[in-house]
Amino acid sequence: GQLAAAAGSDVLWKPLNNHILMNTRDPSAAVRLSSLKALKELFEVIGEEYLVLLPECLPFLSELLEDNNPDVEAQCRRTLKFAEDLSGEDLDTFL
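Residues numbered from 1 in each chain as written. Predicted model: local features only at pLDDT ≥ 70, side-chain atom pairs only at ≥ 80, totals over all residues. Heavy atoms only, no water.

Engineer: How should the packing of aromatic side chains be read in this particular structure?
Structural biologist: In this description, an aromatic ring pair is defined by two values, namely the gap between the centres and the angle between the planes. Per the counting criterion, the structure on display carries 2 aromatic pairs. Here the aromatic rings of Trp13 and Tyr50 are separated by 5.7 Å at their centres, their planes lie at 55 degrees, and the arrangement is tilted. Within this pair, whereas Trp13 is found in helix H2 (residues 10-23), its partner Tyr50 is found in the loop between helix H3 (29-46) and helix H4 (54-64), the two being separated by 37 residues in sequence. Grouping residues by exposure puts Trp13 and Tyr50 together as buried. For the ring pair Phe43 and Tyr50, a centre distance of 5.1 Å and an interplane angle of 85 degrees mean the geometry is edge-to-face. On the accessibility criterion, Phe43 (1% relative accessible area) is buried. With a relative accessible area of 0%, Tyr50 lands in the buried category. (Phe/Tyr/Trp six-rings, centres within 6.5 Å; stacked < 30°, edge-to-face > 60°. Helix = DSSP H or I, 4+ residues; strand = E, 2+ residues; numbered from the N terminus. Buried < 20%, exposed > 50% of the residue type's maximum accessible area, 1.4 Å probe, protein only.)

Listed below in structure tokens is the structure:
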């Protein structure tokens, strides 16, 4: 998270974000869970500026709301809640 914040540019954040999102489709629940934690940390550390990447995150988060692993689903809900609070938007309509 700190490295991405130091980069200070959504041009540099986009490849990192894409890599994290691709990992949310990993067969391993541990990888999916870690990916969600990393994504939430990026929203926490970078803040509102990172919301520019939220639209590309939403399809992945929508999938993870139905994950077979309850820990992954719960982390997805925490990540979405944080993004909603940060953006001031109700994201349910986008999921």
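After that view of the structure, there is still more to cover.
Engineer: Where do I start with the side chain of Asn17 in this structure?
Structural biologist: Residue position: Asn17 is located in helix H2. The class of Asn17 is buried, set by a relative accessible area of 0%. Within the local environment of Asn17, its side chain forms a polar contact with the side chain of Glu56, the two groups lying 3.2 Å apart. (Polar contact = N/O pair within 3.5 Å; in protein donor to acceptor, adjacent residues only side chain to side chain.)

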